[in-house]
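Secondary and tertiary structure notes
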Amino acid sequence: MCLDYDAHFFFGRKFKERYINLSNGVIFVSNAVAKYVLNGKPLQPKHRVIYNGVKVDDVLPTYRQIPKQINFGIVGVLQESKGHHLCVEYFNSILDEYPNSRLNIYGEGYGFYEKKIRKLVKELDIEGNVVFHGFVKKIDEIYSKMDILLMFSRAEGFGRVTIEAMMRGIPVIGLNSGGTTELIDHGYTGYLFDDKPTFKNTVLSLLSTDQTFNDIRFNA
């Protein structure tokens, strides 16, 4: 709430920590959340980190070649903390190498922010490469049309969509922050990036060969 929505407890972080610790037990959805809430202090015996649960499909993905038209996707409510504007900007940086790529934006949110993203897409002259799908209820419909998931959230507490993609054999390229760093083993189950150059390098690495692409898919 603090990092994503700029919403703060009335009496400050220290009092919030004390108030939470009045509980007999405290569950955090990631180590990143625990570290922030506890101001970097170690976990106490009554603290537990329990990740969010997802329904796991036992069917492994099948080997596939890198498609000629690569469908990137970003999934989540349209708000600045989720980094859609950066996603569009960074996506534009790889179009020289992959001109047929498409960025699929799933989700809806605050109108002013969507206008900002659409304006950026128009200014970059990449309207033919970016598709706004709005809210899509059926998640299988989203992931069945996606080759790579992009996670640009600056302070993701956990990252359910990251797991949903990985369990379907969709490689994830995620910002190196928050709970995302706990879900992705860089270079083995996906990739982490810090800025535009490292983002571009991760895309080039993932798509270097069919074997690399599929190794990451199966490891995920």
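Residues numbered from 1 in each chain as written. Predicted model: local features only at pLDDT ≥ 70, side-chain atom pairs only at ≥ 80, totals over all residues. Heavy atoms only, no water.

The number of helices and strands found in the protein is 10 helices and eight strands. For a compact globule of 220 residues, the expected C-alpha radius of gyration is about 17 Å, and the protein comes in at 18 Å, within 12% of that figure. Counting only residues that meet the buried cut, the protein has 43% of its 220 residues in that class. With the model as given, the accessible surface of the protein reaches about 12,200 Å², and the carbon-plus-sulfur share is 53%. Taking the average location of the 27 positive side-chain charges in the protein and that of its 25 negative ones, the two points are 7 Å from each other. (Helix = DSSP H or I, 4+ residues; strand = E, 2+ residues; numbered from the N terminus. Rg over C-alpha atoms; globule rule 2.2 N^0.38 Å. Buried < 20%, exposed > 50% of the residue type's maximum accessible area, 1.4 Å probe, protein only. Areas by Shrake-Rupley, 256 points an atom, 1.4 Å probe, with all protein chains shown as cover. Lys, Arg positive; Asp, Glu negative; His and termini not counted. Charge placed at Lys NZ, Arg CZ, Asp CG, Glu CD.)

Within the structure shown, the criterion is met by 12 aromatic pairs. Each ring, one from Phe 9 and one from Phe 15, has its centre 6.3 Å from the other, and the planes form 10 degrees; the classification is stacked. Look at Phe 9 and you get partly exposed, because its relative accessible area is 31%. With a centroid separation of 5.8 Å and 70 degrees between ring planes, the pair formed by Phe 72 and Phe 91 is classed as edge-to-face. Placement of Phe 72 in strand β3 (residues 71-75) and of Phe 91 in helix α4 (residues 84-92) is noted, with a sequence separation of 19 residues between them. Assessed through its relative accessible area of 0%, Phe 91 is described here as buried. One Lys or Arg, Arg 13, reaches over the ring of Tyr 36 and ends 4.0 Å from the middle of that ring. (Phe/Tyr/Trp six-rings, centres within 6.5 Å; stacked < 30°, edge-to-face > 60°. Lys NZ or Arg CZ within 6 Å of the ring centre and 35° of its normal.)

Here we come to the sheet that holds β3. Within the open sheet, the six strands sit side by side as β5-β4-β3-β6-β7-β8. Their pairing is parallel. Of all the strands in the sheet, the pair left with one neighbour each is β5 (130-134) and β8 (191-193). The mean angle between the axes of side-by-side strands here comes to 25 degrees, regardless of whether they run parallel or antiparallel. (Pairing = 2+ DSSP bridges. Axes fitted to C-alpha atoms, helices over the stretch in contact; angles between N-to-C directions.)

The next subject is the pattern of salt bridges. Throughout the structure, instances matching the rule amount to eight salt bridges. One salt bridge connects Lys 116 with Glu 80, and the closest N-O pair in it is separated by 3.3 Å. With Lys 116 in helix α5 (residues 111-123) and Glu 80 in the loop between β3 and α4, the pair connects residues that are 36 residues apart, well separated along the chain. The residue Glu 89 makes a salt bridge to Lys 196 at a minimum N-O spacing of 3.2 Å. With Glu 89 in helix α4 and Lys 196 in helix α9 (residues 196-206), this pair connects stretches of sequence that are 107 residues apart. Glu 89 sits in the partly exposed class, given a relative accessible area of 32%. (Salt bridge = Lys/Arg side-chain N within 4 Å of Asp/Glu carboxyl O.)

Attention now goes to the side chain of Glu 17. Mapped onto the elements of the fold, Glu 17 is located in helix α2 (residues 13-20). Within polar-contact distance, the side chain of Glu 17 engages the side chain of Lys 41 at 3.1 Å. Beyond its immediate chain neighbours, meaning those up to four positions away, Glu 17 contacts Val 37, Leu 38, Asn 39 and Lys 41. (Polar contact = N/O pair within 3.5 Å; in protein donor to acceptor, adjacent residues only side chain to side chain. Contact = heavy atoms within 4.5 Å.)

Turning to the side chain of Glu 164, a few remarks are in order. Within the secondary structure, Glu 164 is located in helix α7 (residues 160-166). One buried charge, Glu 164, has no salt-bridge partner; the nearest side chain with opposite charge is Arg 160, at 5.0 Å.

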